[in-house]
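# Residue-level structure breakdown
Residues per chain, in single letters:
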Amino acid sequence: MKQLPAETVRLLSSSQVITSVVSVVKELVENSLDAGASSVDVKLENFGLDRIEVVDNGCGIKAADAPVMAVKHYTSKISCHSDLERLETYGFRGEALGSICAVSEVILTTKTADDNVSTQYTLDHNGNVTSRKPSHLGQGATVSVFKLFKNLPVRRQFYSSSKKCKEELRKVQELLMAYGIIRPALRVLLTHNKAVVWLKAKALDHRTALMAALGTSTVASMVPLQHRQEQPEIILEGFFPKPGSNPSLMSSTTPDRTFVFINNRPVHHRDILKLLKRQYGAHVGGEGAPSRYPALMLSVTVTASAVDVNLTPDKTQVMLQCKEAVLLALETMLTSLYCPESSGPPPIVPKDPKCRVEEDPVCQTAPDCPGPPAVDDTAQVTPSDRHSECEKPVSENTTSRSANTSSSSSSEDWVINSSCSFELNLSLTGEDGITNVTGVSEPDIVDGPKPGRDSSSCVPEVSPVSWSMGRGLLDPDTGQAVSPMRVHVSVPEPKKAAKLTAYDLISNRTVRQPLSASAMFEQENRTTVQREKPDASEQDVSTALEERWKNLGVQERKKYEEKAEKDLLRYHLQSKRAAERVLDQLFLQPPSKKKPPPEKQSIPVAFSLAALRQRLIRTTMGRRIDSDTGGVQLVGRLPSHSAWVILRGSHLLLLDPSRIEEVLLFTQLLETNIIPTRLLDAPVTLTNSVLGDPANMRALCSMQKDPPELSGAAYFTDPRLVANGFQIRQIPGPLSPEPHLEVAAMADCIPCFGVGDLKEILRAVVERQAASVKECRPLKVCNYLEGEAVRLVRQLPLCLSQEDVRDTLSRLDRQLGTARHTCLHGRPFFHPLAKVPETEQDPPTSC
């Protein structure tokens, strides 16, 4: 046996931590969140295989930590293993950035609040800094990952299919949605190939954040729930589908819309997902319901010492010390939401601590009923028997107590006088089983058990769990649970709506009745009163509105009276119009029959290829073909494609004018466009080491500049510098007569634009003797101008006139000639369609 090389060990361990594009984004985003970032931008190119860039506005990385910031197992989040019991950050192992460096190329730009200018670091495969240079970016960190899995060809080949790449992009979006939901104040932006995929602005609460992730219609069908438990300390909160909501909208076959968090960390906990799916499936019912995952957000908060997140490299699977307690609390909360009839109301405290008697709500409606009636010793008390008759009270004390009980709330129990003797036959479920209670008379309940009788037979113990779950009382006949409390609310009979006349039913719309001035005032101000007094009843709201109407000023009252008069005039006018209609003729009209569409008829048309050829010859001879268009004749436009069919020689071609406009506009921008600049907070000093070659410095010093100002500073005005977004000034040196050059302003509209692009301009001047602006354009500026040209052309109208197309062809022949035949995206200007035959014997050929 022999030890593996360090390079091999590093690559093997890194490929286990970084397994996909999602894992790279996850590690970088978590680093941004641990740095206190409130805004995170994730930019992908080619689904992340070519470039992944994460930009944040966090605290940045200190210059003292830069040499070891990507070295494995260097971290600022923990110092020893015991810190895991108080972990409050997402990362803690110090492996993410080093593992990313092992499988890709990494450039990191960072700036803290104490730094004057940001610094760009280039990292090697070991995580060491190979080069550093100043940058113009603001506070925070920007991590750019290039050529992911370049040294793992099999893993990169895995993403060769478009299906896998799109699946990876969807997973990245789901990951950012999870962080955006659990952190409402976080702004998240996801772009792919410079196109915005998903954007979430800063939100005030979790509900608003859920709307950005799931949509307004889905969140409207959710209800917030919260559960707190002290031993062990567990907090459950989130948003769950409402009972009776649409299952097709609120569930799916995959858990992509089921967001579960443990201590604000998005996780994939199999037991929690299984419980959520089972409870929601049992509520929905139907075939296939148990296999659907509900759309919800669940946040579980426990002590940090009760969670082990160091199970898998991606930290998405955790181990809970109090898993059974969490599952039981979650099941109780879901049962109260979806199965309220089985959970029952909370326990009720009776007046007499020695006995619990079910209150009969029907007796509350009888003012002369003092309590439950007396029954035979062998009879069983049922709700129907207990209301068959009511004994009259013996004393005034009993009468007052009965009257108070009948008018009290539903949470009070009966108080029975000793003269009212009755017996109970109930089955109470305790912790150890079922205890039957028979022959318990009322004196035993009020005065206590008689001598020689066991008190446990009078007061059987019922566990709080059984009582709260609705299993404390059982019906001895059916064995089913008896609800401890039933509140019967008298529902008033609905008012019969006024019978509509035939006039009101014209056009399927009723004639709205006019409103009085007070009714209009009440309609407009009811919402305001309810917002001010959310606990007020409807009667209190109506009383408050009447008081406000009485105290209303004369001018305000007059406005409502004018509105009422207008509404009355509207009603009379609509009623008059309805009365003037001849209803008999309207109702007796036969239903209109739709006429069948006319049949398409084919008409034979005489056609001769010779006649067509002669017509083309006459058209060509009759019209002058401009030399500016290169001998091209317009045949016609295709409206559906915004393209033109042209004739060049004997070839029919398809022309897209927008492609030519892109190239012409791009050529013009290369020659004349000036990139806007922005003053730098700290100018960048230019030396021979920064520019890389003394020849570049000599070429820069020889460029055109303005005369020196009073301060001695002179600004360069050479168009090759100004047009490319650089403002450079020359100031006298403080200690030497040699001039001091520095970059005072730089373009901020081009990503990653810096001194390297200035070196590219100077190399073009030195090596190719470039004298024009077009010849000195850096690659980043060219790419930026290409994007601008495409953006401007897309703002042009799609349907161009014949004169516009002729002008486009004329400018193409005059500016480019035959030097270029493709657009900026590599697509040809002219697409061949067919070739017109020269003789009748030659068949037409398609190209």
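Residues numbered from 1 in each chain as written. Predicted model: local features only at pLDDT ≥ 70, side-chain atom pairs only at ≥ 80, totals over all residues. Heavy atoms only, no water.

### Digging into the overall build of the chain
A count of helices and strands for the chain gives 27 helices and 29 strands. Each of the 847 residues in the chain was classed as buried or not, and the buried ones make up 39%. Sequence-distant contacts in the chain: of pairs separated by 6 or more residues, those separated by 24 or more amount to 63%. Looking at the chain as shown, the accessible area adds up to about 49400 Å², and 53% of this sits on carbon and sulfur atoms. (Helix = DSSP H or I, 4+ residues; strand = E, 2+ residues; numbered from the N terminus. Buried < 20%, exposed > 50% of the residue type's maximum accessible area, 1.4 Å probe, protein only. Contact = heavy atoms within 4.5 Å. Areas by Shrake-Rupley, 256 points an atom, 1.4 Å probe, with all protein chains shown as cover.)

### Some points on the sheet that holds strand β27 (residues 739-746)
Taken together, the four strands give an open sheet; going across it, the order is β24-β27-β26-β25, and neighbouring strands pair in antiparallel fashion. Because the sheet does not close on itself, it has two edges, and the strands there are β24 (678-686) and β25 (714-715). By the bridge criterion, five bridges tie β24 to β27 in an arrangement that is antiparallel. Within the sheet, the bridge partner assigned to Val 684 lies in β27 and is Val 743. In this fold helix α23 (residues 694-701) packs onto β24, β26 (726-732) and β27, with an angle of close to 80° to the strand it touches most, β27. Along the sheet, helix α25 (residues 755-768) makes contact with β24, β26 and β27, crossing β26 at roughly 85°. (Pairing = 2+ DSSP bridges. Axes fitted to C-alpha atoms, helices over the stretch in contact; angles between N-to-C directions.)

### A word on the packing of aromatic side chains
Both the distance between ring centres and the angle between the ring planes are used here to describe each pair of aromatic rings. Applying the stated criterion across every chain, the model contains six aromatic pairs. Taken together through their ring pairs, the aromatic side chains of Phe 521, Trp 549 and Tyr 560 make up a single cluster. The lysine or arginine in question, Arg 557, covers the ring of Trp 549, its NZ or CZ lying 4.4 Å from the ring centre. The ring of Phe 830 carries the charged tip of Arg 648 above its face, separated from the ring centre by 4.7 Å. (Phe/Tyr/Trp six-rings, centres within 6.5 Å; stacked < 30°, edge-to-face > 60°. Lys NZ or Arg CZ within 6 Å of the ring centre and 35° of its normal.)

### Quick notes on the sheet that holds strand β5 (residues 129-135)
Spatially, the eight strands line up as an open sheet ordered β5-β4-β3-β6-β2-β1-β7-β8, and their pairing is mixed. The sheet is open, and its two borders are formed by β5 and β8 (195-200), each paired with just one other strand. Recorded for the sheet is a direction-independent mean angle of 15° between the axes of neighbouring strands. Examined bridge by bridge, strand β1 (residues 39-45) and strand β7 (residues 187-192) share six bridges and lie parallel to one another. Paired with Lys 43 across the bridge in β7 is Thr 191.

### Examining helix α21 (residues 657-672)
Over its 16 residues, α21 extends 23 Å from the first C-alpha to the last, a length consistent with the 22 Å expected when each residue adds 1.5 Å. All buried positions along α21 are accounted for by Pro 657, Ile 660, Glu 661, Glu 662, Val 663, Leu 664, Leu 665, Phe 666, Thr 667, Leu 669 and Leu 670. Buried residues belonging to α21 abut β22 (643-648), β23 (651-655), α26 (779-793) and α27 (802-815). (Expected span 1.5 Å × (residues − 1).)

### Some words on a nonpolar patch on the surface
Among the surface-exposed residues, Phe 607, Leu 612 and Leu 616 lie close enough to one another that they form a single nonpolar patch of about 300 Å² accessible area. Take Leu 612: it is sitting in helix α20 (residues 609-622). By relative accessible area, Leu 612 is classed as partly exposed at 38%. (Patch = residues over 30% accessible without salt bridge, like charges linked within 9 Å, V, L, I, M, F, W, Y side chains within 5 Å. Salt bridge = Lys/Arg side-chain N within 4 Å of Asp/Glu carboxyl O.)

### Digging into the nonpolar core
Counting residues in hydrophobic clusters, the biggest one holds 93 residues, and the most contacted among them are Val 25 and Phe 240. Considering every element that reaches this core, the biggest residue donor is helix α5 (residues 162-182), with ten residues. Here this core gathers at least three residues from each of two domains, domain 1 (2-196) and domain 2 (215-338). With near-sequence residues (within four places) excluded, Phe 240 lies in contact with Ser 221, Met 222, Val 223, Leu 225, Leu 276, Leu 296, Met 297, Leu 298, Met 333, Leu 334, Leu 337 and Tyr 338. Residues Leu 670, Leu 680, Ala 764 and Ala 770 belong to the second largest nonpolar core, which totals 55 residues. (Core = buried A, V, L, I, M, F, W, Y, C linked by side-chain atoms within 4.5 Å. Domains from an automatic or database assignment.)

### Some thoughts on the pairing of β5
The side chains of a regular strand alternate, first on one face of the sheet and then on the other. As defined by bridge partners, strand β4 (residues 118-123) adjoins β5 across six bridges and the pair is classed as antiparallel. Counterpart to Thr 122 in the pairing with β5 is Ser 131.

### Looking at helix α2 (residues 21-34)
When the terminal C-alpha atoms of α2 are compared, their 20 Å separation across 14 residues agrees well with the 20 Å that a helix rising 1.5 Å per residue should span. Summarising burial for α2: twelve of the 14 residues are buried, a large majority. For α2, the full list of buried residues reads Val 21, Val 22, Ser 23, Val 24, Val 25, Lys 26, Glu 27, Leu 28, Val 29, Glu 30, Ser 32 and Leu 33. Of the residues trailing α2, Gly 36 is marked for its positive phi of about 80°.

### Topic: the environment of Ser 772
Examined against the element boundaries, Ser 772 turns out to sit in the loop between α25 and α26. The class of Ser 772 is partly exposed, set by a relative accessible area of 31%.

### Some thoughts on unusual backbone geometry
A positive phi is found at Asn 46, a non-glycine position, where the angle reads about 55°. Positionally, Asn 46 belongs in the loop between β1 and β2 (51-56). Using a relative accessible area of 32% as the deciding quantity, one classes Asn 46 as partly exposed. The backbone phi angle of Gln 769 is positive, close to 50°, even though this residue is not glycine. Within the element layout of this structure, Gln 769 appears in the loop between α25 and α26.

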